[in-house]
Amino acid sequence: MKIHVSDQVVDWFMDEMDLVEGDAVRFFPKYGGTSDFQDGFSVGIEPGSAEVVGVETEKKNILFQIDEKDEWFFKDQDLYIGLKDGEVAFSNEPIE
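Residues numbered from 1 in each chain as written. Predicted model: local features only at pLDDT ≥ 70, side-chain atom pairs only at ≥ 80, totals over all residues. Heavy atoms only, no water.

Novice: Looking at this model, I keep getting lost on the side chain of D70. Mind explaining?
Specialist: With respect to the element layout, D70 can be found in the loop between strand 5 (62–67) and helix 2 (71–74). Owing to a relative accessible area of 8%, D70 belongs among the buried residues under this scheme. A polar contact of 3.0 Å, which involves the side chain of D70, links it to the side chain of R26. (Helix = DSSP H or I, 4+ residues; strand = E, 2+ residues; numbered from the N terminus. Buried < 20%, exposed > 50% of the residue type's maximum accessible area, 1.4 Å probe, protein only. Polar contact = N/O pair within 3.5 Å; in protein donor to acceptor, adjacent residues only side chain to side chain.)

Here it is, written out as structure tokens:
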């Protein structure tokens, strides 16, 4: 499993979450909503590091992480994060 983050969404995270180089963003399952990964769950985001990093990628000196305890949610699928109509979008396929 890998995390794929578009350049535009990194800029969005930096602007919207006031991130600076060296900061981290964690993705986790959030009860409710919909996602490509699990029915009844959506992808949650928060600034901060995972307790035990399961998956990580770095872009523009920002770390993007999924905690080891949350990997079940993604079912060994890649996580693609991009912008769609000006909003952050999550998918198990590339976001155009």
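Novice: How should I be thinking about the sheet that holds strand 5 in this particular structure?
Specialist: In sheet architecture, strand pairing relies on hydrogen bonds along the backbone and comes in two forms, parallel and antiparallel. Taken together, the four strands give an open sheet; going across it, the order is 3-2-5-4, and neighbouring strands pair in mixed fashion. If you trace the sheet from one side to the other, it starts and ends with strand 3 (41–47) and strand 4 (53–59), each paired once. Here the average twist between neighbouring strands, direction ignored, is 25°. Two strands pair when backbone bridges link them, and strand 2 (residues 24–31) and strand 5 are joined in this way by four bridges, in the parallel orientation. Note that in strand 5 the partner of V25 across the bridge is F64. Here helix 1 (residues 7–16) sits on the sheet and contacts strand 2, strand 3, strand 4 and strand 5; the angle it forms with strand 5, its principal contact strand, is near 90°. (Pairing = 2+ DSSP bridges. Axes fitted to C-alpha atoms, helices over the stretch in contact; angles between N-to-C directions. Contact = heavy atoms within 4.5 Å.)

Treat this as a map of the structure, not an account of what it does.
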